[in-house]
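Here's the letter readout for the chains.
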Amino acid sequence: MSFFGFGQSAEIDIVLNDAETRKKAEHKSEDGRKDKYFLFYDGETVSGKVNVTLKYPGKRLEHNGIKIEFIGQIELYYDRGNHHEFVSLVKDLARPGELTQSQTFDFEFTHVEKPYEAYTGQNVKLRYFLRATVSRRLNDISKELDIVVHTLSTYPELNSSIKMEVGIEDCLHIEFEYNKSKYHLKDVIVGKIYFLLVRIKIRHMEIDIIKRETTGTGPNVYHENDTIAKYEIMDGAPVRGESIPIRLFLAGYEMTPTMRDINKKFSVRYYLNLVLIDEEERRYFKQQEITLWRKGDIVRKSMSHQAAIASQRFEGSSNPERTTNQNSEEDS
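Let us look at the structure shown here. Model, not experiment: these values are computed from the prediction.

How each quantity is defined
- Residues numbered from 1 in each chain as written.
- Predicted model: local features only at pLDDT ≥ 70, side-chain atom pairs only at ≥ 80, totals over all residues.
- Heavy atoms only, no water.
- 1 Å grid on protein atoms, 1.4 Å probe; cavity = no way out; pocket = protein on both sides within 12 Å on 5 of 7 lines; lining within 4 Å.
- Points joined across faces, edges and corners; volume = space filled by probe spheres on them.
- Helix = DSSP H or I, 4+ residues; strand = E, 2+ residues; numbered from the N terminus.
- Nonpolar A, V, L, I, M, F, W, Y, C, P; charged D, E, K, R; others polar.
- Domains from an automatic or database assignment.
- Pairing = 2+ DSSP bridges.
- Axes fitted to C-alpha atoms, helices over the stretch in contact; angles between N-to-C directions.
- Phe/Tyr/Trp six-rings, centres within 6.5 Å; stacked < 30°, edge-to-face > 60°.
- Buried < 20%, exposed > 50% of the residue type's maximum accessible area, 1.4 Å probe, protein only.
- Lys NZ or Arg CZ within 6 Å of the ring centre and 35° of its normal.

On to the layout of surface pockets. As a volume, the largest pocket reaches approximately 1100 Å³. Every residue lining the largest pocket is counted, 43 residues in all, and those nearest its centre are Glu26, Glu254, Met255, Thr256 and Arg294. Looking at the lining of the largest pocket, the elements that each hand over two or more residues are β2 (24-28), β3 (34-40), β10 (119-120), β12 (141-149) and β18 (222-235). In terms of residues, the lining of the largest pocket owes the most to one element, β2, which gives five residues. Here the residues of the lining of the largest pocket sort into 17 nonpolar, ten polar and 16 charged. In this structure, the lining of the largest pocket is formed jointly by two domains, domain 1 (10-149) and domain 2 (162-293), each of which donates at least three residues.

This next bit is on empty space enclosed by the protein. On inspection of all chains with the given rule, the structure shows one cavity of 30 Å³ or more. Every residue along the wall of the largest cavity is listed here: Ser9, Leu54, Tyr56, Lys59, Arg60 and Leu61. Of the residues that constitute the lining of the largest cavity, the class distribution is three nonpolar, one polar and two charged.

A separate point is the sheet that holds strand β9 (residues 103-109). Pairing within the open sheet is antiparallel, and its three strands lie in the order β1-β4-β9. For this open sheet the edge positions go to β1 (10-16) and β9, each flanked by a neighbour on one side alone. In this sheet, neighbouring strand axes are inclined to one another by 20° on average, regardless of whether the strands run parallel or antiparallel. Relative to β9, strand β4 (residues 46-54) is paired through seven bridges, and the arrangement is antiparallel. Bridge pairing links valine 52 to glutamine 103 in β9.

Another point: the packing of aromatic side chains. Two numbers describe a pair of aromatic rings. These are the distance of the centres and the angle of the planes. Scanning all chains against the criterion turns up eight aromatic pairs. Ring geometry for tyrosine 78 and tyrosine 222: centres 4.9 Å apart, planes at 35°, overall tilted. Separated by 144 residues along the polypeptide, tyrosine 78 in the loop between β6 (66-76) and β7 (83-94) and tyrosine 222 in strand β18 bring together distant segments of the chain. Overall, the relative accessible area of 35% leaves tyrosine 78 in the partly exposed class. Members of the aromatic cluster, connected to one another through ring pairs, are Phe70, Phe86, Phe107, Phe109, Tyr116 and Tyr128. Over the ring of phenylalanine 40 we find arginine 22; its NZ or CZ atom is 3.8 Å from the centre of that ring. The cationic tip of arginine 212 hangs over the ring face of tyrosine 271; the distance from NZ or CZ to the ring centre is 4.6 Å.

Put into structure tokens, the structure is as follows:
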């Protein structure tokens, strides 16, 4: 209750029309807590009801109009006062007047454009929400309802393998190969590492998945690196001619699709980082960017079967690109 008796004399509630059937998705908030929100995709209609409930029946509520907004916005944590809106839609529900009893208003935003994935990072937040407002002369009454948006992609036409070398002259020469450069979020990374020359004693080798969040422009650019996964390849010294297989399942890790230059405000990129540590604790590493994408929910084969297919494509196919595309069509 505010001073002078000007408390909120009504409560607002936003209810989606398909709330009982619409799927929910977990999403991390700024404080790291995970909550479930209604899940939407680009182009879907957002419709529902706004319930305005008077706290004191029989007492009228004067207002300057009732409206609902659908907003997509980006907030940079170092610039918290400014919200950058990339979607802003408004529906007027009632003209200025008065309410003498509780009332329900229908709303519909048809085929709403939702171009980006909802995201909460170290320095930036991209969110979508509905906001209903009863405008008043002294204090507006408002209520927000957050939703989550996922962006779906189709299978990439070009998905070449990655081949790279790590070397120290006359001491170490390693080749490593990954079966492709673009992976969906439930994919399996399959690869091989070949030791062509080993004259230093390697104690440990691992692959890290690193997420790099870049925010801002010009002098206000911030980079945040976060190690999402560590995958131990070997523990002990390899010998010349040895080859070590890699099989890394992505489904167990919290990742988003790759996001490049979102509304000219931020990017999220992922890298595979090959790390070698010798007996004197010196570290050697090579980094390679990969692209992550989200595909729609379909009936999938088991993960072990996925891994077997990926391994066959990588090791035994005379035409890997064609095989990959065929298998994708079969999976879908």
